Amino acid sequence: MIGEVQKQNKDKAVFEPIIVVEDLTMAFGDNVIQRDLTFTINRGDIFIVMGGSGCGKSTLMRNLIGLQRPARGKVFYDKESFWDIEESERERILRRIGVMYQGGALWSSMTLAENIMLIIQEYQKIDHDQALELASLKLALVGLAGFEDYYPSEISGGMKKRASIARAMALDPEILFLDEPSGGLDPISARMLDDLILQLKSSMGTTVVVITHELASIFSIGNDSVFLDTESKTIIASGNPKKLLEECDNDTVRRFLTRGASEPRIQAIGRA
Amino acid sequence: MSETGEPREIRNFGPELDFVKPDNDVLIVKLFGTWKIGSQVPGFNRLTKELEKDSLIRKIRFDSSGLGRWDSILITFLLKIANYCEQKQIELTTEGLPEGVINLCKLASSVPERTAIRTSQIKLSLTTRVGIHVARIWGSIAETITFVGEIAIDFFRFLTGRARFRWSDLLLIIQESGAQALPIVSLISLLVGLILAFVGSIQLKMFGAQIYIANLVAIAMVRAMGAIMTGIIMAGRTGASFAARIGSMQVNEEIDALKTAGLPPMEFLVLPRIIALAVMMPLLTLYANLMGILGGMIVGVGGFDIGIREYLNATKGSLTLTTVGIGLFSSFIFGILVATAGCLRGMQCSRSASAVGEATTSAVVTSIVSIIIATAIITIGCNILGI
């Protein structure tokens, strides 16, 4: 009996929804990008948003973090409907969120430390030295100790991505959005980033939403996912990526997850 | 090599076609020579003519024994044939072509066609296009009004001490747009003073009234030209740099990063720039006025034998506080206009490198046009008020 209750509690802890998306449709003018997206992101998950290039993964992120209003549908953060509340309320939710953009988007006129300190000092009443210590800690966590005084233009692409993650972590957010964290990185740097994400999740309980099409990352870090399809403009698969690879029988998803290996061979000369 | 007994050298000639009909319903297309980009490729219509001549043909084969070197031009030619044959329901066999050619043809024709919608390619009628333009102009007017409104709100927040931006940013912008603009402002206003003096002197000399050069230069510079010239310099120098800077931040998603970090870009980027120019423009204009008067004095003293003291006295006599005030007031307005135009265009910038260029150009044009319009309004206003 007690064991059952404990198990229930445990289940509850595991499946506590933090972001719920309902019937979300995204569009630019009349051009619908994705329609009727419904999914739940649970607390502590590493949630992968995957799909081919140009399917609207980044646009989905912009809809979730308040940069673009959805054409239709709702986004709930802990049962609060994100797009229906006052802007000041939205800012309060955004404070719990850290975002890493595709190109890093570090503020180019500031050093790495200043990039992080700016956010810390905006929300915490602490003095310069303390903020600098915190910034140094965040940079050290992503393997950039000693780079406090570098400007974004002086470091490499991979370092920019890591610095950007450090900035996204500035306020120890509950939810971390990462837009293509390992895109354009060499395999070893990409692996290091994956390890970093896993450590963040396990040590701080951060919920991580990763937008990516890197298969290696998808399988090594993701425990839940949605697959956005370009053709049908909606979700065609969801769940643990490893299970999807084993069980999903959708052709597009299979081809994606196997790098096109299960694709039927190119047939005889098309028109001839 | 050549099984058909073609002379070997023919492979080095330009591209050539020939047709053989072994059966009534079969056409063999013989390819000769070098099929490279830049060589004279036989017209496709030669094949279609051949096919039209004989409507019995139901099969096409190839003979490439005389074919020399080839590149993409051959593939495009073959794809055209494939396309044509599909339409006319003629069977096409690829055997007889080099293996590389067959593979490339397969690759080119097996790519699924993109179904993405390109709205820009739909042809629109004249009325629709006019309508779209009008709607766009209306949209941009509304956008500008919103932008100006937001600036006003943020300025109010600044006055009440609630605006959030880094003071170090403000000081840096003041340095960049103020102190660092001194050399060019010196040069231009000195020259404008010189020009005014020269142009005026020709007329004034006819009456023996050279001393009025001082009055002419002083009033023209202080009341209008100082502010206008500084405004135009700032439009080209600082307004453009604001647009480029904010535009490239837009491209880099840095603006988005500010928004999600809870730092409103209007307060954080736009406000300090507007404050900086609103403060620095009057100071620069004051400096430009002095340089212009110096320029006039060089001409007056050097070319028309007016004494330095005499010149300065005439200058002093011609200027009133109102004149100086009008000049400085105009420059304050110009500063706000240039900064607003630069920041507005930067914030409107879309996500590409070419958009940054457009934003910069547009910022300069908007600034200069608005400076001229503002000058006209101020002049007419002063006239009505009688000052």
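Everything numeric in this text was worked out from a predicted model, so none of it was measured.

Peer 1: Explanation requested: the overall build of chain A in the structure shown.
Peer 2: Looking only at helices and strands, chain A has ten helices and ten strands in total. With the C-alpha coordinates of chain A rotated into their principal frame, the extents come out at 70 × 55 × 45 Å. Counting the 272 residues in chain A, one finds 48% classified as buried. In chain A, 62% of the contacts between residues at least 6 apart in sequence involve partners at least 24 apart. Accessible surface, chain A as shown: approximately 13300 Å² in total, 49% of it carbon and sulfur.

Peer 1: Could you clarify how one ought to interpret the pairing of strand β1 (residues 16-20) of chain B in this entry?
Peer 2: In summary, the side chains of a regular strand alternate between the two faces of the sheet. Residues and elements named next belong to chain B. Along β1, the buried face is formed by Leu17 and Phe19; none of Glu16, Asp18 and Val20, which line the opposite face, is buried. Direction of pairing for β1 relative to strand β2 (residues 26-35): antiparallel, over a ladder of five bridges. In the strand pairing of β2, Leu17 is matched with Leu31. Adjacent in sequence and paired antiparallel, β1 and β2 are bridged by five residues.

Peer 1: Honestly, the pattern of salt bridges in this entry has me stumped. Any pointers?
Peer 2: A side chain of one charge can pair with a side chain of the opposite charge if their charged atoms are brought near each other. Residues and elements named next belong to chain A. Going through the model one piece at a time under the given rule, you end up with 20 salt bridges over all chains. Salt-bridge contacts for Glu174 lead to Arg96; the nearest nitrogen and oxygen are separated by 2.8 Å. Note that Glu174 is positioned in the loop between α6 (157-168) and β7 (175-179) and Arg96 in the loop between α3 (87-94) and β6 (97-100), a separation of 78 residues in sequence. A residue is classified by how much of its surface remains accessible, and Glu174, at 30% relative accessible area, is partly exposed. Here Asp172 and Lys138 are joined by a salt bridge, their closest N and O atoms 2.4 Å apart. Linking Asp172 in the loop between α6 and β7 with Lys138 in helix α5 (residues 128-141), this pair joins segments that are 34 residues apart in sequence. Look at Asp172 and you get partly exposed, because its relative accessible area is 44%.

Peer 1: Help me out: how do you make sense of the sheet that holds β6(A) in this one?
Peer 2: Each strand in a sheet pairs with another by means of backbone hydrogen bonds, the pair being arranged parallel or else antiparallel. Residues and elements named next belong to chain A. Pairing is mixed in the open sheet, where six strands are placed in the order β6-β7-β8-β3-β9-β10. Edge positions in the open sheet fall to β6 and β10 (235-238), since each of these has one partner strand only. The mean angle between the axes of side-by-side strands here comes to 15°, regardless of whether they run parallel or antiparallel. Of the strands in this sheet, β6 and β7 are in contact with α6, which crosses β6 at around 170°.

Peer 1: Help me out: how do you make sense of the sheet that holds strand β3 (residues 59-70) of chain B in this one?
Peer 2: Residues and elements named next belong to chain B. Read from one edge to the other, the open sheet built from four strands follows the order β1-β2-β3-β4, with strand pairing classed as mixed. Taken across any chain shown, the strands that pair with only one partner, and hence form the sheet edges, are β1 and β4 (91-92). Two elements, β3 and β4, share two bridges in a ladder whose sense is parallel. Opposite Ile60, over in β4, you have Leu92 as the bridge partner.

Peer 1: Sorry, what's going on with the interface of chain B and chain A here?
Peer 2: Accessible area lost during the coming together of the parts is what is often quoted as the interface size. Each partner contributes to the interface: chain B provides 29 residues, whereas chain A provides 28 residues. Both sides of the chain B and chain A interface together cover about 2600 Å² of buried area, and 57% of this is carbon and sulfur. Joining chain B to chain A, the criterion identifies two salt bridges. Our count for the contact surface shared by chain B and chain A stands at eight residue pairs in polar contact (both at pLDDT 80 or more). Those elements that place two or more of their residues in the side of chain B that touches chain A are α2 (72-88), α3 (99-110), α7 (212-251) and α8 (254-260) of chain B.

Rules of the game
Residues numbered from 1 in each chain as written. Chains lettered and ligands numbered in written order. Predicted model: local features only at pLDDT ≥ 70, side-chain atom pairs only at ≥ 80, totals over all residues. Heavy atoms only, no water. Helix = DSSP H or I, 4+ residues; strand = E, 2+ residues; numbered from the N terminus. Buried < 20%, exposed > 50% of the residue type's maximum accessible area, 1.4 Å probe, protein only. Contact = heavy atoms within 4.5 Å. Areas by Shrake-Rupley, 256 points an atom, 1.4 Å probe, with all protein chains shown as cover. Pairing = 2+ DSSP bridges. Salt bridge = Lys/Arg side-chain N within 4 Å of Asp/Glu carboxyl O. Axes fitted to C-alpha atoms, helices over the stretch in contact; angles between N-to-C directions. Buried area = accessible area lost by both parts, 1.4 Å probe. Polar contact = N/O pair within 3.5 Å; in protein donor to acceptor, adjacent residues only side chain to side chain.

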